[in-house]
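Topology and contacts: notes
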Amino acid sequence: MAASSNEIQQKIRELIYNTCIHLDDYQWEEWHDNCSENFNYAIKAYSPEVQADIKYHGGDKEYMESITKLLNKHNSDQSPLRRHCTVYRVDVAEDGKSATAISSLVVHQTQLDGVNSHVDAGTTSVFLVGRYNDKFVIDGDSIKFEDREVRLDTRRLDKGTHWPI
Amino acid sequence: MSSRNHAQWNATPDLQRGEWVDSRIYSDEQIFEDELNKIWKKTWIPVCHESELKEAYSFRTMTIAREPVIVVRGKDMVVRAFLNVCPHRGNMIERRPSGNYKKGTPSGTPKTMTCMFHAWSFDMKGKCVNISRKEAGYQDRLNENQVGLRELKCEVYFGGFVWVSLNDDIGVSVAEFAKGSLDVLLPSLSEEPLEVFHYHKAIIPCNYKLWHDTNCEFYHDYLHYHNRITGFNDAYFARKNNGFDGGHINVGSFEVQYENYEGSHGREELSFPHLPPNHWYMIDMFPGVNFNLRGSALRCDLMTPLGPNSVMIEFRGLGLASDSKKDRQTRIDHHNSIWGPFGRNLHEDLLAVTGQGASMHPLAESRKILHGRHENETIHDENGMRHYYEEWGKLLDRNPSDPMQKFKPYPEFKEQVAQREAAAAVE
Ligand code: FES
Ligand SMILES: [Fe+2]
């Protein structure tokens with residue numbers, strides 16, 4: 001028997017929250033496993049300066065896999081990022097084969113080595129504010145991310161980061 | 001000698017003048033004020049790109065040396081720049097980053113820049129067109145002709161960048177100011193109109209010159225896994241670092257091996273006009289502007305110094321205005337993969353200068369910062385920074401190696417080698 005729309009909604013909420021844990025804890029492979037082969041990821045923000053939608057980062061599944069795989073080759077700010085996310089809304093398509101979700105997102109950064117660690121390490125600040133706009137593909141019991149747009153309100157990211165949000 | 005004690009650490013390096021600078025140039029309050037007055041208020045700055053002002057009556061706001069500036073496109077499509085300051089009681093006239101005056105504002109009629117405070121308004125040429133209740137308050141003592149906006153020098157040049165100067169007496173065009181440093185990219189940027197597709201900004205706790213230095217030296221490619229793996233071959237090490245008058249430099253090109261970075265692809269199909277496939281040119285203009293063309297995407301960094309230990313950097317990415325949607329997307333992905341706020345290289349560069357800022361904050365002990373590599377003016381030579389600081393020293397009349405002393409011209413490198421050899425021969 002096919003899952004009810006309510007059950008799917010509940011599973012999608014769990015998937016979004018579990019993904020936050022995967023991303024917080026650098027479990028990149030677990031994250032990739034929950035994305036479909038056609039997955040596409042983008043971080044975007046509207047710039048009122050140049051009056052255009054700006055894509056800051058992103059790519060297909062292969063690209064996201066390769067950049068997470070190469071992270072240890074790069075010099076990165078290792079200050080942990082913690083995602084605080086609330087799923088506002090999940091809409092399941094009538095045929096039960098796809099769904100969309102909107103979640104509110106705040107990411108905090110706790111300084112480790114970003115500036116002068118003796119002074120700054122342990123300081124927490126808001127790194128960014130935005131939303132997850134997600135699309136899912138549903139096939140029986142399997143629910144996978146088909147698309148994730150991280151829509152940022154924050155446009156001053158200063159040093160930035162190498163990690164996906 | 002291995003490690004050094006305090007006196008040894010502070011001793012004058014066994015290098016020629018110009019081959020090191022004193023870290024106070026990156027942290028001293030008075031030097032910073034001198035720089036704003038003697039450099040930043042005197043020079044040309046590419047404050048934005050014309051594609052940010054597509055229509056008549058559109059505007060952009062910005063800041064040069066703490067002065068609020070507005071750039072507007074007139075009915076005649078000419079781009080003009082003004083101080084964004086109301087001549088009445090000094091309010092900043094426009095608060096938004098961008099917009100269009102075709103529509104009125106709460107205090108003002110359409111097609112005027114209106115100060116919301118007491119509704120004085122100005123046309124796109126900076127002429128005052130309304131003083132509210134003028135006769136009642138000023139009788140015949142003051143009229144619109146006496147209270148126009150302060151117009152600033154403004155020129156659109158080099159692929160459509162909008163250059164502004166606070167200096168009425170600058171006396172040179174942008175092309176003359178560039179002293180030939182822009183010529184290498186002029187054909188690529190002038191063939192057809194460009195368009196901004198990327199904008200973001202960062203405020204970093206370091207002196208603006210540390211960012212400029214990093215843009216001027218490629219020795220730091222050790223910082224970037226991406227650049228090591230896609231560069232570091234004979235052609236890379238042969239790239240020339242060329243100095244031009246005025247403290248500008250540019251760096252010659254080579255063919256980048258993008259495929260060597262897993263997940264990365266060549267950029268040959270979308271090369272800018274007249275640019276050989278996968279080539280990469282870089283121009284660093286005095287005092288804080290960088291143009292960086294990597295095959296398919298042009299990057300421009302503009303620095304706005306905020307304090308001795310604080311700089312705002314605006315990062316723009318540009319493609320061709322004629323791009324198809326698909327091509328534009330590819331350019332954006334090329335640009336972001338290394339240069340976006342989540343890109344592989346930009347984050348590393350910003351981390352490194354933040355680390356410099358953390359050790360060279362105001363009132364930190366002065367240190368010697370070495371700019372002494374000589375490699376026949378190729379890519380890992382540090383002649384770019386030496387060239388910059390020679391101009392800097394001249395303009396401020398300060399010696400970069402001892403900034404509380406007056407400037408003395410740097411000996412030429414060849415002369416320096418001769419001096420060193422002569423000294424060695426005597427010993
Ligand atoms: S301050 Fe602008 S109108 Fe008074
Ligand atoms: Fe770099």
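Structure: above.
Nothing here was measured: the structure is a model prediction, and the numbers come from that model. (Residues numbered from 1 in each chain as written. Chains lettered and ligands numbered in written order. Predicted model: local features only at pLDDT ≥ 70, side-chain atom pairs only at ≥ 80, totals over all residues. Heavy atoms only, no water.)

1. Side note on the interface of chain B and chain A
The interface is formed by 36 residues belonging to chain B together with 36 residues belonging to chain A. Broken down residue by residue, the surface that chain B buries against chain A is led by F342, R344 and H347 of chain B, which jointly contribute 24%. At the surface where chain B touches chain A, the tally comes to 2 salt bridges. E262 of chain B is the partner of K69 of chain A in a salt bridge, and the nearest nitrogen-oxygen pair spans 2.6 Å. At the junction of chain B with chain A, the criterion picks out 17 residue pairs in polar contact (both at pLDDT 80 or more). Looking at the side of chain B that touches chain A, the element that brings in the most residues is strand 12 (residues 194-204) of chain B, giving 9 residues. Grouping the amino acids of the side of chain B that touches chain A by side-chain chemistry returns 16 nonpolar, 13 polar and 7 charged. (Contact = heavy atoms within 4.5 Å. Buried area = accessible area lost by both parts, 1.4 Å probe. Salt bridge = Lys/Arg side-chain N within 4 Å of Asp/Glu carboxyl O. Polar contact = N/O pair within 3.5 Å; in protein donor to acceptor, adjacent residues only side chain to side chain. Helix = DSSP H or I, 4+ residues; strand = E, 2+ residues; numbered from the N terminus. Nonpolar A, V, L, I, M, F, W, Y, C, P; charged D, E, K, R; others polar.)

2. Observations concerning the pattern of salt bridges
Enumeration according to the criterion identifies 34 salt bridges over all chains in this entry. The shortest N-O distance in the salt bridge between R148 of chain A and D134 of chain A comes to 2.7 Å. A residue pair is termed long-range when its members are at least 10 positions apart, and R148 of chain A in strand 6 (residues 142-152) and D134 of chain A in strand 5 (residues 124-139) qualify at 14 residues. Here R148 of chain A and D134 of chain A have matching classes, each one buried. The salt bridge involving E52 of chain B is made with R60 of chain B; its shortest N-O contact spans 2.8 Å. Three or more residues joined by partner-sharing salt bridges are found here, namely K54, E195, D323, R328 and R331 of chain B. (Buried < 20%, exposed > 50% of the residue type's maximum accessible area, 1.4 Å probe, protein only.)

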